[in-house]
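# A look at the structure
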Amino acid sequence: KVLQSDDLELGLRKKILLMGLDRSGKSSISKVLFNNEHQSKNKVINLGNYVNIIENLKGKLLDLKVYEVENFDMNEILQLQQLYYNNNMVSKNINSGTEDINNMDIEDAFYKDSGFSKFFDDVGTIIYVVDSTSEYLASLANLSMLIELAYKFHKASNYTSDDFNINFEVLIHKVDSLNEDFKLDTQRDIMQRIQDELLDLGIENVAINFYLTSIFDYTIYEAFSRITQKLILELPFIENLLDNFIMNCHNSIEKIFLFDINSKIYISTDSSPVNILSYEVCSEFIDVTLDLRDLYEDENPRKYKNKPLKAYSRLNNDFSIYMNEVFKNLCVVILVNNNNSNEYANNELSNTTNSNVSNKMLMTLIDYNFNVLKGTLKKILK
Amino acid sequence: MEQTKAKLLLMGRSGSGKSSMRSIIFSNYSAFDTRRLGATIDIEHSHLKFLGNMTLNLWDCGGQDIFMDSYLQDNNETNSKNHIFQMVQVLIHVFDVESDEVLKDIEIFSMVLQKLRNSSPNCKIFVLIHKMDLVQINKRDNLFNIMMSKLKETCSMYGFDDVKGFPTSIWDESLYKAWSSIVGSMIPTIDVYRKKVKKITELMNLKEFILFEKTTFLVVCSSAEKNNDNEYVTVDNMDPKRFEKISNVLKTYKQSIYKLKANNFQELQIPEHGIYIINLNDNLMGFININKPEWMNNNLIEKNLQKVKLMFSNIEQDNTD
Ligand SMILES: Nc1nc2c(ncn2[C@@H]2O[C@H](COP(=O)(O)OP(=O)(O)OP(=O)(O)O)[C@@H](O)[C@H]2O)c(=O)[nH]1
Ligand SMILES: Nc1nc2c(ncn2[C@@H]2O[C@H](COP(=O)(O)OP(=O)(O)O)[C@@H](O)[C@H]2O)c(=O)[nH]1
Ligand SMILES: [Mg+2]
């Protein structure tokens, strides 16, 4: 596929792995977020000729690739390690005939084996799904083995830098079936166990975060939004742009989001706190717009696909919603508070109280600022 | 302005989905919310204002056997229950497509018809074959046709020759199609609306103009451009389900913006695609699809929309002439 000039992407080069035991909810999550099974490709990663891990390339968010890893069983990896160890023992014994083989050497060799370490190459984030409704001890044990393994591979391949730069993001999942108190207890319990485990293993400085999620509400989108944002280097700059946007519109903007249209993950927002209801309304507005646009789709797909997606709605109270496409798959959605804008209009044009006029002026202002933002984003992402 | 009242009976076996559809169409429930509903005890009456001058008296009749028996028994001394079947304009009978007692369902339907033949012989009959989502897609048409031919036969046995049926489900837009048609058949001034909508479509050279009732988003009437130039755009190749889809989308949108404490919206526009949805008056929303939006200038469009609004601002008064 040839990239069009408008087809810009955020500069994420790191992989995101989505892991967890069977039935923890991985497939459901990628289906809800990326819901494009027709694009899914199966890719086989060859792990040192010992085992094939099926990688499921499920979704593409900007340049972010989310891989769902199926059948990843830590015990299997440990057995492999044992096998590797035994094989090397034997071969070293035969070759050198000496007794003084250093265990550490062999272990080191294992972690340096290019086949294995490839698995962790370029991984920015490992999202680990824990089913909170089931007996999760086995899942946590699996997770700490995974962290240990990743850590050792990292040590073996990076003598120079000390900071271990894979983010571990633990989704305490299916919390819709837990009651409020139990939810927090479960979270506390899981966090405590993992911290203890890491302490025992002597692993320090691991970035590990926890989220309570469910595919039946917005928690999963919120979690993925925050996880993704950590990988965007330009984030502070973009956030700044959005803050400026609000300032330039005379404070008539309540909230502004930068959305990935496909997944409804927000890439960035202004620095005011996120209200989940505002997020939901903005995200749902994208769907409403897409649905309405697609109604007359069959008539002339060629013509309409090239048109930018732009929509505006004025509500019965003081709010309006504005959305506009920045480039393919990336759009801004803005929650406008006309109440403030009326004040502004009244001040600027003392004798105009017609809210229609002020509305129009505000839209012109937002359109203008949108174009400025679009230009800047294009520049910094190029 | 004259008030029109209409009595609608909503009948069917328990669990067939009557209260669910009523709550979705008239009380802004989502399909998901209906799982909270319990069985209806006896009859729940609702008075629904529709298009300002119409009141729909909807009788949601609990379908458990003990209630059905009490409605249907021929008790001449205490005629208390028999008024149910008097002065009925419309019967909406709901059949659960997954029911394992089809014969019993039909038997009850015929008993209802018998009552109506005596008390309200001019009543219109609608049957909804409901919960279609539970049937495999490729089997739906066939199943619906079989059910309908059976039910039509039953109706004509009781002298009701004009019966309309719809396959429905709360999980898709089919519910709106059915209810738009039911309610549309009851609007006395529908011709006034039709004429106006048609005229506007022609004058403004619109691709399509659809009139929606504002609280339910049921379709009142619509008009689409005739095939007047040799372009591909004709009514024939538009999505035949678009009305219901729009209802569904707009209702979802209305629910979404409740979160911002807005009880409805004034306008929604997707200008590049020529789509404008505007609030026309207390009862109506207009969905306007403009031909060749790229040829039109924004001010002109806006002026036209204002004119459309004006034409509808006093439509209910006009009706009294
Ligand atoms: N799958 C499916 N379920 C439905 C549909 N419509 C309703 N239901 C479910 O069926 C159940 C019963 O629905 P009600 O609306 O309470 O049934 P009712 O006809 O009012 O029952 P009574 O009040 O006892 O006469 C609810 O749990 C609904 O969620 C549908 O179209 N598809
Ligand atoms: N209650 C609840 N169930 C979920 C949630 N996410 C997934 N599930 C269920 O968990 C089961 C296993 O999910 P699946 O995605 O196949 O797990 P995978 O093996 O990790 O891909 C399925 O029955 C899902 O419906 C959730 O957020 N809440
Ligand atoms: Mg009921």
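Calculation criteria
- Residues numbered from 1 in each chain as written.
- Chains lettered and ligands numbered in written order.
- Predicted model: local features only at pLDDT ≥ 70, side-chain atom pairs only at ≥ 80, totals over all residues.
- Heavy atoms only, no water.
- UniProt positions renumbered as here; feature names shortened; annotations may be inferred.
- Helix = DSSP H or I, 4+ residues; strand = E, 2+ residues; numbered from the N terminus.
- Buried < 20%, exposed > 50% of the residue type's maximum accessible area, 1.4 Å probe, protein only.
- Contact = heavy atoms within 4.5 Å.
- Areas by Shrake-Rupley, 256 points an atom, 1.4 Å probe, with all protein chains shown as cover.
- Near = heavy atom within 4 Å.
- Polar contact = N/O pair within 3.5 Å; in protein donor to acceptor, adjacent residues only side chain to side chain.
- Nonpolar A, V, L, I, M, F, W, Y, C, P; charged D, E, K, R; others polar.
- Donors = N, O, S within 2.8 Å, 3.2 Å for Na, K, Ca; no water.
- Pairing = 2+ DSSP bridges.
- Axes fitted to C-alpha atoms, helices over the stretch in contact; angles between N-to-C directions.
- Parallel < 35°, antiparallel > 145°, perpendicular 65-115°, else oblique.
- Lys, Arg positive; Asp, Glu negative; His and termini not counted.
- Salt bridge = Lys/Arg side-chain N within 4 Å of Asp/Glu carboxyl O.
- Buried area = accessible area lost by both parts, 1.4 Å probe.
- Core = buried A, V, L, I, M, F, W, Y, C linked by side-chain atoms within 4.5 Å.
- Phe/Tyr/Trp six-rings, centres within 6.5 Å; stacked < 30°, edge-to-face > 60°.
- Lys NZ or Arg CZ within 6 Å of the ring centre and 35° of its normal.
- Domains from an automatic or database assignment.

In the nomenclature of an unreviewed UniProt entry, chain B is known as GTP-binding protein of Hanseniaspora guilliermondii. The Sequence similarities (unreviewed entry) comment attached to chain B in UniProt states, word for word, "Belongs to the GTR/RAG GTP-binding protein family."

### Some remarks on the overall build of chain A
Of the regular secondary structure elements, chain A holds twelve helices and twelve strands. Here chain A, with 382 residues, has 51% of them falling under the buried criterion. Here the contacts in chain A between residues at least 6 apart in sequence split such that 68% fall between residues at least 24 apart. Put simply, chain A shows about 18,500 Å² of open surface, and 47% of that area lies on carbon and sulfur atoms.

### Brief notes about the site of ligand 2
All names here are of chain A. Residues in contact with ligand 2 amount to 16 residues; listed here are only the nearest, Arg 23, Ser 27, Ser 28, Lys 174 and Asp 176. Here an oxygen atom of ligand 2 and a backbone polar atom of Arg 23 are 2.6 Å apart. Within the side chain of Lys 26, a nitrogen or oxygen atom sits 2.8 Å from an oxygen atom of ligand 2. For ligand 2, the accessible surface in isolation is 590 Å², of which the surrounding protein chains cover 76%. By residue class, the composition of the shell around ligand 2 is three nonpolar, seven polar and six charged.

### Focus on the coordination of the magnesium ion (ligand 3)
For a metal with four donors in a tetrahedral arrangement, the ideal angle between donors is 109.5 degrees, while six donors in an octahedron ideally sit at 90 or 180 degrees. Protein ligation of the magnesium ion (ligand 3) involves B:Ser19 (OG) and B:Thr40 (OG1), the donor distances falling in the range 1.9 to 2.0 Å. Taken together, the positions of B:Ser19 in helix H1 (residues 18–27) and B:Thr40 in the loop between H1 and strand S2 (43–50) put the pair 21 residues apart, joining distant regions of the chain.

### Remarks on the pairing of strand S9 (residues 266–269) of chain A
Within a regular strand, side chains alternate between the sheet's two faces. Residues and elements named next belong to chain A. Looking at chain direction, strand S8 (residues 253–260) and S9 are connected through three bridges and run antiparallel. Within the sheet, the bridge partner assigned to Leu 258 lies in S9 and is Ser 268. Hairpin connection of S8 to S9: five residues between the antiparallel strands, including Lys 264 at a positive phi of 65°.

### Quick notes on the packing of H1(B) against helix H5 (residues 174–184) of chain B
Residue and element names in this part refer to chain B. It is at 11 Å that the axes of H1 and H5 come closest, and there the two elements cross at 75°. Relative to H5, the element H1 is oriented roughly perpendicular. Contacts between H1 and H5 involve Met 21, Ile 24, Ile 25 and Phe 26 on the former and, on the latter, Leu 175, Tyr 176 and Trp 179. Partitioned by chemical class, the residues of the contact of H1 with H5 number seven nonpolar, no polar and no charged.

### Focus on the side chain of B:Lys214
Residue and element names in this part refer to chain B. You can see Lys 214 is positioned in the loop between strand S7 (206–213) and strand S8 (219–224). No salt bridge is formed by the buried Lys 214, whose closest oppositely charged neighbour, Asp 282, lies at an N-O distance of 5.1 Å. Among the polar contacts listed, one links the side chain of Lys 214 to the side chain of Asn 279, at a separation of 3.1 Å. At 3.3 Å, the side chain of Lys 214 forms a polar contact with the backbone oxygen of Asn 281.

### Considerations on the interface of chain A and chain B
The extent of an interface is frequently quoted as the accessible surface area lost upon association of the parts. Facing 32 residues of chain A, the contacting portion of chain B comprises 39 residues. Taken over both partners, the interface formed by chain A and chain B buries close to 3,200 Å², and the fraction arising from carbon and sulfur atoms is 60%. Between B:Lys259 and A:Glu284 there is a salt bridge whose closest N-O contact spans 3.0 Å. Those elements that provide at least two residues to the side of chain A that touches chain B are helix H9 (276–294), helix H10 (301–305), strand S10 (310–315), strand S11 (319–327) and helix H12 (355–381) of chain A. It is H9(A) that contributes the most residues to the side of chain A that touches chain B, ten residues altogether. Per-class residue counts for the side of chain A that touches chain B are 16 nonpolar, six polar and ten charged.

### Here's the deal with the nonpolar core
In this structure, A:Leu171, A:Phe224, A:Leu292, B:Phe265 and B:Phe287 are the most contacted members of the largest nonpolar core, which totals 60 residues. Excluding anything up to four places from it in sequence, A:Leu171 contacts A:Ile29, A:Ile127, A:Tyr128, A:Val129, A:Val130, A:Tyr211, A:Thr213, A:Ile220, A:Ala223, A:Phe224 and A:Ile227.

### Remarks on the sheet that holds strand S1 (residues 4–12) of chain B
Residues and elements named next belong to chain B. Strand order across the open sheet formed by six strands is S2-S3-S1-S4-S5-S6, with mixed pairing between neighbours. The strands lining the two open edges of the sheet, one partner per strand, are S2 and strand S6 (163–167). Pairwise comparison of adjacent strand axes, ignoring direction, gives a mean angle of 20° for this sheet. Summarising the sheet, strand S5 (residues 124–130) and S6 pair through five bridges and their orientation is parallel. The residue of S6 that forms the bridge with Phe 126 is Lys 164. In the packing of H1 onto the sheet, the strands contacted are S1, S2, strand S3 (54–61), strand S4 (90–96) and S5, and the crossing angle to S3 comes to about 155°. This element, helix H3 (residues 102–119), spans S1, S4 and S5 of the sheet and lies at about 175° to S4.

### Here's the deal with the sheet that holds S9(A)
In spatial order, the strands read S9(A)-S8(A)-S12(A)-S11(A)-S10(A)-S9(B)-S10(B)-S11(B)-S7(B)-S8(B); together these ten strands make up an open sheet with antiparallel pairing. Looking at strand neighbours, the two that pair on one side only are S9 of chain A together with S8 of chain B, the edges of this open sheet. Taking the axes of each pair of neighbouring strands and ignoring which way they run, one obtains an average angle of 15° across the sheet. In this structure, strand S10 (residues 275–279) of chain B lies alongside strand S11 (residues 284–290) of chain B, joined through five bridges in antiparallel fashion. Its bridge partner lying in S11(B), B:Ile275 is registered against B:Asn289. Helix H7 (residues 242–258) of chain B rests against S10 and S11 of chain A together with S7, S8, strand S9 (265–270), S10 and S11 of chain B of the sheet, and its axis sits at about 55° to S7(B).

### Looking at the environment of A:Phe34
Inspection of the secondary structure puts A:Phe34 in helix H1 (residues 26–34). Between the alpha carbons of A:Phe34 and A:Ile265 there is a distance of 9.9 Å; along the sequence they are 231 residues apart.

### As for the packing of aromatic side chains
Counted according to the given criterion, the structure contains 14 aromatic pairs over all chains. Ring centres 5.4 Å apart and planes at 55° place the aromatic pair A:Tyr266 and A:Tyr279 in the tilted group. Here A:Tyr266 is found in strand S9, whereas its partner A:Tyr279 is found in helix H9, with 13 residues between them in sequence. Over the ring of A:Phe257 we find A:Lys255, and its NZ or CZ is 5.8 Å from the ring centre. When the ring centre of B:Trp59 is taken as origin, the NZ or CZ atom of B:Lys7, which lies over that ring, is 3.9 Å away.

### Here's the deal with the site of ligand 1
All names here are of chain B. For ligand 1, the set of nearby residues contains 21 residues, the closest of which are Ser 14, Lys 18, Ser 20, Gly 63 and Asp 133. In the environment of ligand 1, an oxygen atom lies 2.6 Å from a nitrogen or oxygen atom belonging to the side chain of Ser 14. In this structure, an oxygen atom belonging to ligand 1 sits 2.9 Å away from a side-chain N or O atom of Thr 34. Isolated, ligand 1 exposes 660 Å² of accessible area, and the fraction of that covered by the protein chains is 87%. Considering each element in turn, the shell around ligand 1 owes the most residues, three residues, to H1. Residue composition of the shell around ligand 1, by class: four nonpolar, twelve polar and five charged.

### Examining the domain arrangement of chain B
Residues and elements named next belong to chain B. As far as domains go, chain B holds domain 1 (4–185) and domain 2 (190–314). Relative to domain 2, the C-alpha centre of domain 1 lies at a distance of 30 Å. With 17 residues of domain 1 at the contact, the number on the domain 2 side is 19 residues. For the pairing of domain 1 and domain 2, the buried interface totals around 1,600 Å² over both sides, and the portion due to carbon and sulfur atoms is 58%. Put simply, domain 1 and domain 2 have zero salt bridges between them. Our count for the domain 1 to domain 2 interface comes out at four residue pairs in polar contact (both at pLDDT 80 or more). Residue assignment for the side of domain 1 that touches domain 2 shows that the elements contributing at least two residues are H1 and H5. Here the element with the most residues in the side of domain 1 that touches domain 2 is H5; it accounts for six residues. Split by residue class, the side of domain 1 that touches domain 2 holds nine nonpolar, five polar and three charged.

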